[in-house]
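# Geometric and topological summary
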Amino acid sequence: GGLGSRAGLRCVVGADGRVRRAKAAAAQAGGRSASDLRGTALDDRFDAGPLASSGEGTVECTRTPTGGPERPVLVSRSALERADATQGTLVCVAQDISERKAAEEKLRRSLEEKEVLLREIHHRVKNNLQVISSLLNAQARDVESPAVEDRFTETQDRIRSMASLLS
């Protein structure tokens, strides 16, 4: 299943997009022999052709191996620069990144859970600050000294200021 080894599918692709050479171990990991891969279009092995965009670089796509589930793969392409290489010949390496994708998804879900918890904590703290402000307001009504009443008002203003930071 998958692309097999960590090295993945390694091959040389001509300007026409067809496999010229493939590493035997990588080809067998993909369920084919190296000779079976020769002459086939590399783009036919993936959901979105890794050669669709021209030039060098990497592209993420999906591969469905024979008898196995879809696997996310990262295809790296670089020009073959040898004296006998024709223009447009690429060296391609397709690596199975399903483990990395699963780890990324697990991290994303964990981050979402933490964001929900943080929003809930903010909400609770803000509610508690509003309750405290209301209690101070109720106590301030019973105070006859203007100086003490000012202190209550000042404290309520500070609490409202803290609550506004949680919005």
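Structural notes, computed from the coordinates. Predicted model only: the values in this text are computed from it and were never measured.

Basis of the calculations
- Residues numbered from 1 in each chain as written.
- Predicted model: local features only at pLDDT ≥ 70, side-chain atom pairs only at ≥ 80, totals over all residues.
- Heavy atoms only, no water.
- Helix = DSSP H or I, 4+ residues; strand = E, 2+ residues; numbered from the N terminus.
- Contact = heavy atoms within 4.5 Å.
- Expected span 1.5 Å × (residues − 1).
- Buried < 20%, exposed > 50% of the residue type's maximum accessible area, 1.4 Å probe, protein only.
- Arc of directions from axis to C-beta.
- Core = buried A, V, L, I, M, F, W, Y, C linked by side-chain atoms within 4.5 Å.

### Re the side chain of Q156
Relative to the helices and strands, Q156 is located in helix α4 (residues 146-165). Apart from the residues lying within four places of it in its own chain, the contact partners of Q156 are S133, L136 and N137.

### Some words on α4
An ideal rise of 1.5 Å per residue puts 28 Å on 20 residues; α4 measures up with 29 Å between its terminal C-alpha atoms. Residues F152, Q156, I159 and A163 constitute the buried set of α4. Buried residues of α4, seen end-on, are gathered within an arc of 60° and therefore sit on one face of the element. Counted as exposed and oriented over 90 degrees from the buried face of α4: P146, A147, D150, R151, R158 and L165. Those residues of α4 hidden inside the fold are in contact with α3 (98-141).

### A closer look at the nonpolar core
If you look at the biggest cluster of nonpolar residues, it comprises 15 residues, and the most contacted ones within it are C11, L42, F46, V75 and C92. Those elements that provide at least two residues to this core are β1 (9-13), β2 (19-22), β4 (71-79) and β5 (90-96). What L42 contacts, discounting residues up to four positions off in sequence, is L9, C11, V13, G17, V19, P50, L51 and C92.

In short, the description is geometric, and any link to function would need to be established separately.
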